Number of protein chains: 2
Amino acid sequence: MTNGKEATLHHRILSDIEGRIVSGEWPPGYRLPFEVDLAVQYGCSRMTANKVLTHLARAGLIERRKKSGSFVSQPVTQAAVLEIHSIEAEVRSLKLPYSYRLERRVRREASPIDRQHLELTETASVLDLVCLHHAGGRPFCLEERLINLMTVPEAEGEDFSKSAPGTWLISQIPWNTAEHRIYAQSSSAEVAKTLDISRNAACLVVERRTWGSDGPVTFVRFTYPGERHALVARFTPGAGS
Amino acid sequence: MTNGKEATLHHRILSDIEGRIVSGEWPPGYRLPFEVDLAVQYGCSRMTANKVLTHLARAGLIERRKKSGSFVSQPVTQAAVLEIHSIEAEVRSLKLPYSYRLERRVRREASPIDRQHLELTETASVLDLVCLHHAGGRPFCLEERLINLMTVPEAEGEDFSKSAPGTWLISQIPWNTAEHRIYAQSSSAEVAKTLDISRNAACLVVERRTWGSDGPVTFVRFTYPGERHALVARFTPGAGS
DNA sequence: TGGGCAAACATGTATATACATAATAATCCG
DNA sequence: CGGATTATTATGTATATACATGTTTGCCCA
């Protein structure tokens, strides 16, 4: 998305203003020049200045008030972007050989706990899957997944013995909303055995709930063993330009 | 930022197209109507249609190719936005009384480990702080922080006995880049004692490194006790409209 | 003095227009 | 027939213009 070398007037003005804000030259609360003044300053029309300011406002770097002008916003909350790829991509980016094994595949009526996980109010059929992802011959991640067969009936025809359900699902459900919960947990005896780690070792758990346009799609819990894993997130204000 | 009730032509067109994409009516790879056709369809000028499409492209929902047209993009990686507020705001949002205590405040030359944490190549003076955040009378979060006195010399004049360094820093350093690492760790004897939890209990650790325009600013490690805490991140494609 | 009205001001939105650019389609000619 | 040239097409960027909208400022008059 960010080419780094776009020399349009728009980009020049944008990165110039962005630079002043990021560098602190224009501190939070500072009122930037009016649109017309910016237009004169950069030798462009007001429309172009307006576009740039609209852009900055959408990125959260500035706030705009009619009559008063545009102001550099206070950095209130820091938003970090966590990119969550597929497990296979994650392993391969570590230059490790990847393998996958399906441990369990059960079709059943949703239990109360299942319904809570999927945020279902009514009863429904679900597919209960457990898979194990390996990296370099060692257990890398335990995946426990519920698929809502009301919204993804096609899942019943897949056996998921060869490839992970996440990859298949993403090609089936076009777009969605997702909610993530990230927490630490001591490994239970069962998890410790599966992941080949000691009992009570700290695990990083990432839970994800996904919705499509027809309702809840899937709930998945990834358990990463031990203290070897970390999620890394980078944040730069105004990113995405 | 998102008002929810803006009835401008721009917003109507945008949410209509967004809806078609999110609902799957226009699946990944689908070529949307040309700008001129959209303009006719919605009864607006090409400029308005162009703005909407530019907007969608920036949000990552579509990709645009000259001559060929605009296409719904493949959902490749899921990006979750983690909002990281101040600890105090976090505690207060849980409707719990908040208190803060400074445990240590040492000024020293950066050790090799400090330099690694701050990504410093040369030697420098740092401020080493340890603070404890309480929620409802119980330890909520352990904060271990290094402040680079090369970039923030003003920090030496602050004693941080009353308020947390994070709040003060955010008002001093205008904008920055940050990198986060999130992982699980068994509590050491020392951490267990400080946080009043059992030895080897799983803790969620969030490390953050921050840069200003003059270089590395601060390194901080937040250790959340036990399994009571979770980071929650929500993701909707095209969010931020 | 103060309440209210009007002017001005800055942004917000939308249009028509123009030309640049990149990729494809059509054509021409050896 | 096939490679090179030209035309067409759709997007990309920028401008000038117009009017709407929400604030502030100041003025007028009771």
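For every chain, the first residue of its written sequence is number 1, and the numbers climb from 1 along that sequence. As a convention, the first chain written is A and the first ligand written is 1, with the rest following in written order. For a predicted model such as this one, the threshold for reporting local features is a pLDDT of at least 70, and the threshold for listing and counting side-chain atom pairs is 80 or more; totals across whole chains, interfaces and linings nevertheless cover every residue. As a rule here, side-chain values come from all non-hydrogen atoms in the structure, and water together with hydrogens is ignored.

Chemist: Got a minute to help me understand the overall build of chain A in this structure?
Modeler: For the purposes of this entry, the term helix denotes a DSSP run of H or I that reaches at least four residues, the term strand denotes a run of E that reaches at least two, and both are numbered from the N terminus. Within chain A, the regular secondary structure consists of seven helices and 11 strands. Scored against the burial criterion, the 241 residues of chain A give a buried share of 48%. Any two residues whose heavy atoms approach within 4.5 Å are treated as being in contact. Once local pairs closer than 6 in sequence are excluded, the contacts in chain A between residues at least 24 apart make up 58%. For every accessible area listed, the method is Shrake-Rupley and the probe measures 1.4 Å; residues are considered covered only by the protein chains on display. A total accessible area of about 12,100 Å² is found for chain A, and carbon and sulfur atoms account for 51% of it. Relative accessible area decides the class of each residue, using a 1.4 Å probe on protein chains only: under 20% of the type maximum gives buried, over 50% gives exposed, and in between gives partly exposed.

Chemist: How do you make sense of the protein's contact with DNA strand D when you look at a structure like this?
Modeler: In the neighbourhood of DNA strand D, 21 residues make up the surrounding shell, with Leu-9 and Thr-48 of chain A together with Arg-46, Met-47 and Arg-64 of chain B lying closest. What makes a residue near a molecule or strand is one non-hydrogen atom of that residue sitting within 4 Å of it. Near-protein atoms of DNA strand D (within 4 Å) split between backbone and bases, with sugar and phosphate holding 70%. Whenever a nitrogen or oxygen atom comes within 3.5 Å of another N or O atom, the pair is scored as a polar contact, on the condition that within protein one atom can donate a hydrogen and the other can accept it, and that pairs from neighbouring residues in sequence are kept only if both atoms are in side chains. In this structure, a phosphate oxygen belonging to DNA strand D sits 2.3 Å away from a side-chain N or O atom of Thr-48 of chain A. Contact between DNA strand D and Lys-66 of chain A: a base oxygen at 3.4 Å from a side-chain N or O atom of the residue. Any residue outside Ala, Val, Leu, Ile, Met, Phe, Trp, Tyr, Cys, Pro, Asp, Glu, Lys and Arg is labelled polar, Gly included; the first ten of those are nonpolar and the last four are charged. Split by residue class, the surface near DNA strand D holds five nonpolar, seven polar and nine charged.

Chemist: What should I look at first to understand the pairing of strand 8 (residues 177–186) of chain A in this one?
Modeler: Along any regular strand the residues' side chains alternate between the sheet's two faces. All names here are of chain A. Burial analysis of strand 8 places seven of its 10 residues in the buried class, the great majority of the element. Any two strands between which DSSP finds at least two bridges are classified as paired. Pairing of strand 8 with strand 9 (residues 202–212) involves 10 bridges; the strand directions are antiparallel. Paired with Gln-185 across the two strands is Cys-203, which belongs to strand 9.

Chemist: I would appreciate a short explanation of the protein's contact with DNA strand C in the present structure.
Modeler: Taken together, 22 residues sit near DNA strand C, with Arg-46, Met-47 and Arg-64 of chain A together with Leu-9 and Thr-48 of chain B positioned nearest. Each atom of DNA strand C within 4 Å of the protein was classed as base or backbone; sugar and phosphate made up 71%. Interatomic distance of 2.9 Å between a side-chain N/O atom of Arg-46 of chain A and a base oxygen of DNA strand C. Ser-45 of chain B places a polar main-chain atom, nitrogen or oxygen, 3.0 Å from a phosphate oxygen of DNA strand C.

Chemist: Looking at this model, I keep getting lost on the pattern of salt bridges. Mind explaining?
Modeler: Any two side chains of opposite charge can pair, on the condition that their charged atoms come close. Residues and elements named next belong to chain B. We count a salt bridge whenever a side-chain nitrogen from Lys or Arg sits within 4 Å of a carboxyl oxygen from Asp or Glu. In total, this model carries 30 salt bridges over all chains according to the counting rule given. Across the pair Asp-114 and Arg-108 runs a salt bridge, and its minimum N-O distance is 2.8 Å. Classification of Asp-114 by relative accessible area gives buried; the value is 4%. One salt bridge in this structure joins Glu-179 and Arg-209, with 3.7 Å as the shortest N-O distance.

Chemist: Teacher, can you tell me more about the pairing of strand 3 (residues 69–72) of chain A here?
Modeler: Residue and element names in this part refer to chain A. By the bridge criterion, two bridges tie strand 1 (residues 31–32) to strand 3 in an arrangement that is antiparallel. Note on strand 3: the bridge partner recorded for Arg-31 is Phe-71. With four bridges connecting them, strand 2 (residues 62–65) and strand 3 associate as antiparallel partners. When the sheet's bridge partners are listed, Ile-62 is paired in strand 3 with Val-72. Remark: three residues form the turn of the hairpin made by strand 2 and strand 3, two consecutive strands paired antiparallel; Lys-67 in that turn has positive phi of roughly 70 degrees.

Chemist: I keep staring at helix 2 (residues 35–42) of chain A and nothing clicks. Help me out?
Modeler: Three- or four-residue spacings in an α-helix give side chains the same orientation, since the helix completes a turn every 3.6 residues. All names here are of chain A. Among the residues of helix 2, Glu-35, Leu-38, Ala-39 and Tyr-42 are the ones counted as buried. All buried residues of helix 2 project into a common sector of 105 degrees when viewed along the axis, lining one side. Packed against the buried residues of helix 2 are helix 1 (9–23), helix 3 (46–58) and strand 2. Positioned one or two residues after helix 2, Gly-43 has a phi angle of 65 degrees, which is positive. To obtain the arc, one takes the directions from the helix axis to the C-beta atoms.

Chemist: Is there a simple way to explain the environment of Arg-64 of chain A in this structure?
Modeler: Residue and element names in this part refer to chain A. If you trace the backbone, Arg-64 turns up in strand 2. In this structure the side chain of Arg-64 is engaged in a polar contact, spanning 2.6 Å, whose partner is the side chain of Glu-35. Among the polar contacts made by the side chain of Arg-64, one reaches the side chain of Ser-70 at a distance of 3.1 Å.

Chemist: Before we go on, may I ask you to explain the packing of aromatic side chains in this structure?
Modeler: Each aromatic ring pair is summarised here by two numbers: the centre-to-centre distance and the angle between the ring planes. Residues and elements named next belong to chain A. Stacked, tilted and edge-to-face are the three classes applied to pairs of Phe, Tyr and Trp rings, where Trp contributes its six-membered ring and a pair requires centres within 6.5 Å; stacked means planes under 30 degrees apart, edge-to-face means over 60, and tilted covers the rest. Evaluation of the coordinates by the stated rule reveals six aromatic pairs over all chains. When the ring of Trp-26 is compared with that of Tyr-30, the centres are 5.2 Å apart and the planes differ by 15 degrees; the resulting orientation is stacked. A residue is classified by how much of its surface remains accessible, and Trp-26, at 6% relative accessible area, is buried. Positioned above the aromatic ring of Phe-71, the side-chain terminus of Arg-65 is 4.3 Å from the ring centre. Only when the NZ of Lys or the CZ of Arg is both within 6 Å of the ring centre and within 35 degrees of the ring normal is a charge said to sit over the ring.

Chemist: Quick question: what am I supposed to make of the sheet that holds strand 3 (residues 69–72) of chain B here?
Modeler: Neighbouring strands of a sheet are bound in pairs by backbone hydrogen bonds; such pairs are parallel or else antiparallel. Spatially, 1-3-2 (chain B) is the arrangement adopted by the three strands of the open sheet, whose pairing is antiparallel. Taken across any chain shown, the strands that pair with only one partner, and hence form the sheet edges, are strand 1 (31–32) and strand 2 (62–65) of chain B.

Chemist: Help me out: how do you make sense of the sheet that holds strand 3 of chain A in this one?
Modeler: Residue and element names in this part refer to chain A. Read from one edge to the other, the open sheet built from three strands follows the order 1-3-2, with strand pairing classed as antiparallel. Every other strand in the sheet has two partners, leaving strand 1 and strand 2 as the edge strands with one partner each. Orientation is described by axes fitted as lines to C-alpha atoms, over the contacting stretch for helices, and by angles from 0 to 180 degrees between their N-to-C directions. Its contacts with the sheet place helix 3 against strand 1, strand 2 and strand 3, and it is angled at close to 120 degrees to strand 2.

Chemist: What is the right way to read the confidence of the model for chain A from this model?
Modeler: Close inspection of predicted coordinates is inappropriate in any region flagged by low pLDDT. pLDDT: the predictor's confidence for each residue, scored from 0 to 100. With 89% of its residues at a pLDDT of 70 or more, chain A shows a mean pLDDT of 86. Throughout residues 1–5 of chain A the model reports pLDDT below 50, and contacts reaching past four residues in sequence, or to other chains, amount to four contacts.

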